[in-house]
Amino acid sequence: MELKEIRPAFTVRPGSDPPESTPGDQSVLSRFNSLSLQGSKPRVEQTTTTIPATDGSARNPQHTLELTGYRRIRTVGQGSFGVAILYERHSDGQQVVMKQIALNDLTKPEREMAMNEVAVFSQLHHPNIIAYHGSSVRGDLLLIEMEYADGGTLAQVLAERSHGEPLPERFVLNIFEQLASAISYMHSQSILHRDLKTANVFLHGRGTVKVGDFGISKIMNTKVQAQTVLGTPYYFSPEMCEGKVYDEKSDVWALGCIVGEMCCLKKAFTATNLSELVTKIMTAEYVPLPGGYSETLRHVLALMFQIDPTARPSASELLQHWIPLIYRNLEAS
């Protein structure tokens, strides 16, 4: 069986609009390093994702809405149900992304998923989560206005670094800590992300990391656990592979996949077909970290990759205990 990623409905189409002048000869990593160290704010295109198509069709609405009070800059994402467009607000000059989703093109389940994104997004207020600015329906278009992250994605950083030296552990820990903070907050609000991956981690401003894409997130209550398998196979937990009931510990597994990917510059679980991938996930046969990373980080990653979800630390435990411990041991070494 061929290994395939469940693709999001929105992907970057660099040729869709002529981009504004950007430092094209500068890698995303070097741009993010300069953001972290010098505070510069270059403009790069952002990958924006939203509701996945369920029928494999390519319904690409050609109509987009001209918005009063906004200057259209360019399309930053395009997919099955609509487009994501970068605008500048006239009132304050702030750049924002507006998802424009054609509701008339959606089936009932797809429409429910679109409204779920709004419901989830409107509940989240955290410095490491893409900010929600509001939503409205105009004609047959659902508009979702959100923060624009100007530093690209973590996936871009890793792709450009793939044949280079491993990332410094402190760089990895900085991103790890911010992601754990965002995920801990989401879980405290009874929300699972369910599609955590490097392409949904956005870099912004002076080294800030932000989680985005809540199209398939699940709002939980105290008695209901998610069971529908959605997301990207490389980041699936063992319980998701088995079709079992899963909870917030699947997000912790996916966070482990992101940390492993940052260290190894490749997916934490590699395979040539889906069957092999599932086998490796089910046995926690992940790519070992290269030399140079601390034993404490290796230990914490092994905890996140426990096959039994109850044995994994929570995002809160990672944030409050394990990540500080890694930092302390680094200082002592």
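Keep in mind the model is a prediction, meaning the values are calculated, not measured. (Residues numbered from 1 in each chain as written. Predicted model: local features only at pLDDT ≥ 70, side-chain atom pairs only at ≥ 80, totals over all residues. Heavy atoms only, no water.)

### Examining the overall build of the chain
For clarity, the cut-off: Numbering of helices and strands starts at the N terminus; helices are DSSP runs of H or I of at least 4 residues and strands are runs of E of at least 2. The buried label goes to any residue with under 20% of its type's maximum accessible area, the exposed label to any with over 50%, and the partly exposed label to all in between, with areas taken from a 1.4 Å probe on protein chains only. Pairs of residues are marked as contacts when any of their non-hydrogen atoms sit within 4.5 Å. Surface accessibility in these figures is a Shrake-Rupley result with a 1.4 Å probe; residues are shielded only by whichever protein chains are displayed.
The secondary structure content of the chain amounts to 9 helices and 10 strands. When burial is assessed residue by residue, the chain has 52% of its 333 residues classed as buried. Sequence separation of at least 24 residues holds for 67% of the intrachain contacts in the chain that already meet a minimum separation of 6. Roughly 14,400 Å² of accessible area belongs to the chain as shown, and the carbon and sulfur atoms make up 50% of that amount.

### Let's talk about the UniProt feature "binding site: ATP" (unreviewed entry) in the chain
Operational definition: UniProt positions are given in the numbering used here, feature names are shortened, and annotations may be inferred rather than shown by experiment.
Under the local residue numbering, the UniProt record ascribes the feature "binding site: ATP" (unreviewed entry) to Lys99. Locating Lys99 in the fold gives a position in strand S4 (residues 95-102).

### Section: the pattern of salt bridges
The line we're drawing: What makes a salt bridge here is a side-chain nitrogen of Lys or Arg within 4 Å of a carboxyl oxygen of Asp or Glu, nothing more.
This model, assessed by the stated rule, comprises 11 salt bridges. The shortest N-O distance in the salt bridge between Lys267 and Glu261 comes to 3.6 Å. What makes Lys267 partly exposed here is its relative accessible area of 28%. Of the residues examined, Glu261 reaches a relative accessible area of 5% and is grouped as buried. A cluster of three or more residues bridged by salt bridges with shared partners is formed by Arg89, Asp92 and Glu145.

### Remarks on helix H4 (residues 169-188)
In plain terms, the rule: Given a helix with a known number of residues, its expected span is that number minus one, times 1.5 Å.
In this model, H4 (20 residues) spans 28 Å end to end at C-alpha, consistent with the 28 Å of a helix rising 1.5 Å per residue. Backbone geometry just downstream of H4 places Ser190 in the positive-phi region, at approximately 60°.

### Examining the environment of Leu196
Relative to the elements of secondary structure, Leu196 occurs in the loop between strand S7 (191-192) and strand S8 (201-204). You can call Leu196 buried: its relative accessible area is 5%. Apart from the residues within four sequence positions on either side, Leu196 is in contact with Ile183, Val211, Tyr235, Asp251, Ala254 and Ile258.

### Observations regarding unusual backbone geometry
In the Ramachandran plot, Ser190 falls in the positive-phi region, its phi being about 60° despite a non-glycine side chain. Among the structural elements, Ser190 can be located in the loop between H4 and S7. Judged by relative accessible area, which is 34%, Ser190 ranks as partly exposed. The backbone of Ala284 shows a phi angle near 55°, a positive value even though the residue is not glycine.

### Thoughts on the packing of H4 against helix H9 (residues 315-332)
Note the cut-off: To get an axis, fit a line to the C-alpha atoms, keeping to the stretch in contact for a helix; angles then go from 0 to 180 degrees between the N-to-C directions. An angle below 35 degrees is treated as roughly parallel, one above 145 as roughly antiparallel, one from 65 to 115 as roughly perpendicular, and anything else as oblique. What makes a crossing left-handed is the near helix being turned counterclockwise from the far one by less than a right angle; a clockwise turn instead makes it right-handed. Classification used: nonpolar for Ala, Val, Leu, Ile, Met, Phe, Trp, Tyr, Cys and Pro, charged for Asp, Glu, Lys and Arg, polar for all others including Gly.
At their nearest, the axes of H4 and H9 sit 8 Å apart, and the two run at 165° to each other. By the angle class used here, H4 and H9 are roughly antiparallel. Once H4 is placed against H9, the crossing between them reads as left-handed. Contact with H4, carried on its side by Glu169, Arg170, Leu173, Asn174, Phe176, Glu177, Ala180, Ser181, Ile183, Ser184 and His187, involves Ala315, Ser316, Leu318, Leu319, Ile323, Ile326, Tyr327, Leu330 and Glu331 of H9 and no other residues of that element. In terms of residue class, the contact of H4 with H9 is built from 11 nonpolar, 5 polar and 4 charged.

### So, the pairing of strand S6 (residues 141-147)
We count it as follows: When DSSP locates at least two bridges between a pair of strands, those strands are taken to pair.
Across the 7 residues of S6, 7 count as buried, placing the element largely inside the fold. In this structure, strand S5 (residues 132-138) lies alongside S6, joined through 6 bridges in antiparallel fashion. Within S6, the position partnered with Gly134 by the bridge is Glu145. Count of turn residues in the S5/S6 antiparallel hairpin: 2 residues, of which Gly139 carries a positive phi of about 65°.

### With respect to the side chain of Gln178
Heads up, the rule is: Definition of a polar contact: a pair of N or O atoms within 3.5 Å, with one able to donate and the other able to accept a hydrogen when the atoms are protein atoms, and with sequence-neighbouring residues admitted only if both atoms are side-chain atoms.
Secondary-structure assignment places Gln178 in helix H4. A distance of 2.8 Å separates a polar side-chain atom of Gln178 from the backbone nitrogen of Val209. Setting aside chain neighbours within four positions, we find Gln178 in contact with Asn128, Gly207, Thr208 and Val209.

### Some details on the environment of His187
Tracing the backbone through its elements, the reader meets His187 in helix H4. For His187, a relative accessible area of 18% translates into the label buried. Linking His187 and Lys249, residues 62 residues apart in sequence, is a C-alpha distance of 9.7 Å. Among all residues touching His187, those that are not within four sequence positions of it are Leu192, Glu248, Asp251 and Ala315.

### Looking at the nonpolar core
Worth spelling out the cut-off: Note on terminology: a nonpolar core comprises buried Ala, Val, Leu, Ile, Met, Phe, Trp, Tyr and Cys residues joined through side-chain atoms within 4.5 Å.
Phe176, Leu255, Val259, Met262 and Leu297 are the most contacted members of the largest nonpolar core, which totals 61 residues. Formed by 19 residues, the second largest nonpolar core is a distinct cluster that contains Val76, Leu103, Phe121 and Ile144.

### A closer look at the packing of aromatic side chains
Selection criterion: Pairing of aromatic side chains requires ring centres within 6.5 Å, counting the rings of Phe and Tyr and the six-membered ring of Trp. Pairs whose planes differ by under 30 degrees are stacked, by over 60 edge-to-face, and all others tilted.
Scanning the entire structure with this criterion turns up 6 aromatic pairs. Arranged with centres 5.9 Å apart and planes meeting at 75°, the rings of Tyr70 and Tyr87 form a pair that is edge-to-face. Of this pair, Tyr70 sits in strand S2 (residues 70-79) while Tyr87 is found in strand S3 (residues 82-89), placing the two residues 17 residues apart along the sequence. Ring plane angle 70° and centroid distance 6.3 Å describe the contact between Phe269 and Tyr286, whose orientation is recorded as edge-to-face. Of this pair, Phe269 sits in the loop between helix H6 (249-264) and helix H7 (274-282) while Tyr286 sits in the loop between H7 and helix H8 (295-304); the two residues are 17 residues apart in sequence, bridging distant segments of the chain.

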